[in-house]
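# Summary of structural features
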Amino acid sequence: MSQPDTGAQKTPARTAPTVVVAGGGTAGHIEPALALADAVTRLRPDATVVALGTERGLETTLVPDRGYPLELIPPVPMPRKPTAELLRLPLKVRDAVRRTREVLDRVGADVVVGFGGYVALPAYLAARGRTPIVVHEANKHPGLANKIGARLAAKVAAAVPGTPLPGAEVVGIPLRHSITSLDRAALRAEARAHFGLDPDAPTVLAFGGSQGARSINEAVSGAAQTFAEAGVGVLHAHGPKNSVAVREFAGAPPYVPVPYLERMDLAYAAADLVLCRSGAMTVAEVSAVGLPAVFVPLPHGNGEQALNAEPAVHAGAGLLIADDALTPEAIAEQVVPLVTDAERLAKMSAAAVGLGHGAADETLARMVLEAGGHGDDS
């Protein structure tokens, strides 16, 4: 028996979006992709987010740990510029694109979001003409993958002004909600206890990226006695493949070496000052939490790490020490006097807070959902 027609209009069921993120290799590519994934699922709890990666990148650990499915594709090593090296890779590129296209078709991708690097290029080429593309560039000088991707993209997002990609909108770098909502003062006691640090001593957090940095490891561990004599504690992430040997000094605040920091929120809360590289992700996080910094830019590449640090240094939120100038003596002359000067640290912290884009994750997430046909009105 047929039902009576009430004249009411039914609202079409809203389909659940599927977003594919391509940001493998280093933490600097993976963490923004995962921060975006978290923001997408906050805005659209029905969304599916799938990550692309390769078997040799950190994504094999970081992505599953955050609860997202990971699809592996063949790696395509990316030269910084168009060179003969790229011309020797057609078969690898073709295979990676074919495999990536299979993934996009199987998961029903509505939009592909790339963050640069050797996972992003196959994703851009596989999605070309089939699936909308959004590109996010973290550095002022984009790499080759994002230069290509931007020409194919529906939307281009940049972390900083002046990024030379067509139509780039400045949104900042997507950061984890645990970082952008971090109350360092409220977590300080818990964080110090978590790492076994002195609850009251001035404390330096030192790290050189997810793999560590030899120059930072050697200079910081070489200054252990200086730190001890000044009453300064140290939390030192030396990298999972490295180690440091440090003497214990009776009566001094602990010097705590660890291979890797799984709880960066607690590490930031425990610290009064950070000594670190100046990758785009690191600078954005440090600024977001208001942590004074001593930046030691990676001396390789095209100088992007020094450029990343410039806004914080110019704002008075950080200092810059060249990699080849970072010695135990430099730490004694510049780092120890700074971390023991509470008034100066407070001014630097206030300057850092104004530099970040705390809502970058949700801003980019809305851009991505709109590009995939799942904006606010869809």
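The rules behind the values
Residues numbered from 1 in each chain as written. Predicted model: local features only at pLDDT ≥ 70, side-chain atom pairs only at ≥ 80, totals over all residues. Heavy atoms only, no water. Core = buried A, V, L, I, M, F, W, Y, C linked by side-chain atoms within 4.5 Å. Buried < 20%, exposed > 50% of the residue type's maximum accessible area, 1.4 Å probe, protein only. Helix = DSSP H or I, 4+ residues; strand = E, 2+ residues; numbered from the N terminus. Contact = heavy atoms within 4.5 Å. Expected span 1.5 Å × (residues − 1). Arc of directions from axis to C-beta. Pairing = 2+ DSSP bridges. Axes fitted to C-alpha atoms, helices over the stretch in contact; angles between N-to-C directions. UniProt positions renumbered as here; feature names shortened; annotations may be inferred.

Of all hydrophobic cores here, the largest spans 32 residues; its most connected members are Phe-195, Leu-205, Phe-207, Leu-235, Leu-261, Tyr-268 and Val-274. For this core, the element with the most residues is helix H11 (residues 264–270), which contributes six residues. Apart from the residues lying within four places of it in its own chain, the contact partners of Leu-261 are Phe-195, Leu-205, Leu-235, Ala-237 and Ala-267. One finds Val-19, Ile-30, Val-134 and Met-367 within the second-largest nonpolar core, a separate group that totals 27 residues.

What follows is about helix H15 (residues 342–353). In this model H15 runs 17 Å from its N-terminal to its C-terminal C-alpha over twelve residues, within 8% of the 16 Å that 1.5 Å per residue would give. By the burial criterion, the buried members of H15 are Leu-345, Met-348, Ser-349 and Ala-352. Seen end-on, H15 carries its buried residues on one side only, within an arc spanning 105 degrees. Summarising the geometry of H15, the exposed residues directed more than 90 degrees from the buried face are Glu-343, Lys-347 and Ala-350.

A separate point is the sheet that holds strand S1 (residues 18–22). On the basis of which strands lie adjacent, the open sheet formed by seven strands has the order S3-S2-S1-S4-S5-S6-S7 and parallel pairing. Of all the strands in the sheet, just strand S3 (70–72) and strand S7 (168–170) have a single pairing partner and so form its edges. Each neighbouring strand pair of the sheet contributes to a mean axis angle of 25 degrees, computed without reference to strand direction. Two strands pair when backbone bridges link them, and S1 and strand S4 (residues 111–114) are joined in this way by four bridges, in the parallel orientation. When the sheet's bridge partners are listed, Val-20 is paired in S4 with Val-112.

Strand order in the open sheet formed by six strands is S10-S9-S8-S11-S12-S13, and the pairing between neighbours is parallel. Among the strands making up the open sheet, the edge pair consists of strand S10 (255–258) and strand S13 (318–320). The mean inter-strand angle of the sheet, taken between neighbouring strand axes irrespective of direction, is 15 degrees. Pairing geometry for strand S11 (residues 273–276) and strand S12 (residues 293–295), over three bridges, is parallel. Following the sheet pairing, Val-274 is matched in S12 by Ala-293. Sitting on the sheet, helix H14 (residues 328–339) touches strand S8 (203–207), S11, S12 and S13, and the angle it makes with S11 is about 150 degrees.

A separate point is the UniProt feature "binding site: UDP-N-acetyl-alpha-D-glucosamine" (unreviewed entry) in the protein chain. Listed under "binding site: UDP-N-acetyl-alpha-D-glucosamine" (unreviewed entry) in the UniProt record, and renumbered for this structure, are Thr-26, Ala-27, Gly-28, Asn-139, Arg-176, Ser-210 and Gln-305. Residue position: Thr-26 is located in the loop between S1 and helix H1 (27–43). According to the relative accessible area criterion, Thr-26 is partly exposed, its value standing at 44%. Note that Asn-139 resides in the loop between strand S5 (133–137) and helix H6 (144–152).

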